[in-house]
Amino acid sequence: MRYWVSLIVILAAAYFCSPWLNRHVPSEYNPFTPLVITDPPNLITRYKLRKLDNNPHECLAALERAQTEGAIQFSNAGNMGGKCPLTDPVRVRGFGDVALSSSYLASCRLALSSAMFVGQVAKPLASQELGSRLVKIDHLGSYACRNVYNKPDARLSEHATAEALDIAGFELADGRHLTVLKQWPQTGTEAQYIHTLFTESCPFFGNSIGPDYNAAHANHFHLGMRWFGFCR
């Protein structure tokens with residue numbers, strides 16, 4: 001009983017203090033302001049992202065703000081039926097000046113998390129660590145109506161709901177093409193870039209799965225929205 005009373009008091013205090021918070025607290029620490037694409041992936045940001053799962057209109061508004069700011073290019077894909085239906089998916093076509101090997105279907109939250117990861121980590125890290133701009137991301141797809149590892153008795157994959165993206169490689173402005181398969185077992189700055197990308201992806205997604213997890217992920221990073229903080 002004491003727990004619930006304390007929780008109600010805290011929530012009430014936060015509600016009545018929200019005008020002050022909106023004026024004085026930065027967006028990344030304010031649970032009452034809309035998500036901003038440049039917000040770092042702290043607990044408040046994750047809370048805002050989770051809330052968007054139940055509010056597709058607000059999620060789309062956040063994506064549209066990000067598109068206006070040049071962080072992502074997307075279009076509405078329309079609902080899909082069949083064995084693996086999709087509600088309010090979007091088609092991601094690029095991340096600002098970073099192109100894609102092809103467009104892909106994504107849930108709204110996957111699109112937002114991906115844009116945040118590319119803008120806050122993948123792009124600046126390439127310039128800082130490799131001395132060249134990131135210009136393209138190669139991926140193996142997102143939406144696929146199947147079970148995990150295509151096993152008939154397994155649970156439905158995140159790919160069946162367009163909540164995961166498999167990233168295989170990165171192309172730089174100086175012509176270099178880095179791949180997870182080639183660079184992961186190596187040493188040096190290029191390998192370090194790939195390893196750092198994977199480590200830094202974890203706070204942006206519910207799960208990040210890479211080559212050290214199993215052989216099925218030897219050539220790509222699986223970046224998905226399920227769970228919380230699973231990074232292997």
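Residues numbered from 1 in each chain as written. Predicted model: local features only at pLDDT ≥ 70, side-chain atom pairs only at ≥ 80, totals over all residues. Heavy atoms only, no water.

Draft legend 1. Quick look at the sheet that holds strand β2 (residues 90-94). The sheet built from 3 strands is open, its strands ordered β1-β2-β4 with antiparallel pairing. In this open sheet, the two edge strands, each paired with only one partner strand, are β1 (73-76) and β4 (104-106). The mean angle between the axes of side-by-side strands here comes to 35°, regardless of whether they run parallel or antiparallel. In the sheet, β2 pairs with β4 via 3 bridges, with the strands oriented antiparallel. Of the residues in β4, the one forming a bridge with V90 is A106. Each of β1 and β2 is contacted by helix α3 (residues 56-68), which is oriented at about 145° to β1, the strand it contacts most. (Pairing = 2+ DSSP bridges. Helix = DSSP H or I, 4+ residues; strand = E, 2+ residues; numbered from the N terminus. Axes fitted to C-alpha atoms, helices over the stretch in contact; angles between N-to-C directions. Contact = heavy atoms within 4.5 Å.)

Draft legend 2. Highlighting unusual backbone geometry. With a phi angle near 55°, D88 is a residue other than glycine that sits in the positive phi range. By secondary structure assignment, the location of D88 is in the loop between β1 and β2. Judged by relative accessible area, D88 falls into the partly exposed class, the value being 39%. The backbone phi angle of A162 is positive, close to 55°, even though this residue is not glycine. Along the polypeptide, A162 turns up in the loop between β5 (134-141) and β6 (164-172). A162 sits in the buried class, given a relative accessible area of 1%. (Buried < 20%, exposed > 50% of the residue type's maximum accessible area, 1.4 Å probe, protein only.)

Draft legend 3. Local environment of empty space enclosed by the protein. This model, assessed by the stated rule, comprises 1 cavity of 30 Å³ or more. Counted as a void, the largest cavity has a volume near 90 Å³. Together, R46, L49, R50, R109, S113, P203, F204, F205, G206, M225, W227 and F228 line the largest cavity. If you tally residues by element for the lining of the largest cavity, the top one is helix α2 (residues 43-52), at 3 residues. (1 Å grid on protein atoms, 1.4 Å probe; cavity = no way out; pocket = protein on both sides within 12 Å on 5 of 7 lines; lining within 4 Å. Points joined across faces, edges and corners; volume = space filled by probe spheres on them.)

Draft legend 4. Fine view of the state of the cysteines. Going through the model one piece at a time under the given rule, you end up with 3 disulfides. Across the disulfide, C84 is cross-linked to C145 (sulfur-sulfur distance 1.9 Å). On the S-S bond that ties C84 to C145, the torsion sits near 70°, and the link is right-handed. With C84 in the loop between β1 and β2 and C145 in the loop between β5 and β6, the pair connects residues that are 61 residues apart, well separated along the chain. The exposure class of C145 is partly exposed, given its relative accessible area of 38%. Numbered by position along the chain, the disulfide-linked cysteines of the chain connect as 1-3, 2-4, 5-6. (Disulfide = S-S within 2.5 Å.)

Draft legend 5. Region of the structure containing α3. With 13 residues, α3 should reach 18 Å at 1.5 Å per residue; the first-to-last C-alpha distance of 18 Å fits that figure. Looking at α3, one finds that the buried residues are C59, A62, L63 and A66. Looking down the long axis of α3, one finds its buried residues gathered within 100° of arc, a one-sided arrangement. With respect to the buried face of α3, the exposed residues turned more than 90 degrees away are H57 and T68. Next to the buried residues of α3 lie α2, β1, β2 and α4 (108-130). (Expected span 1.5 Å × (residues − 1). Arc of directions from axis to C-beta.)

Draft legend 6. Representation of the environment of S102 within the structure. Position of S102 among the secondary structure elements: in the loop between β3 (99-100) and β4. Judged by relative accessible area, S102 falls into the partly exposed class, the value being 36%. Distance from S102 to I137, taken between C-alpha atoms, is 9.0 Å for residues 35 residues apart in sequence.

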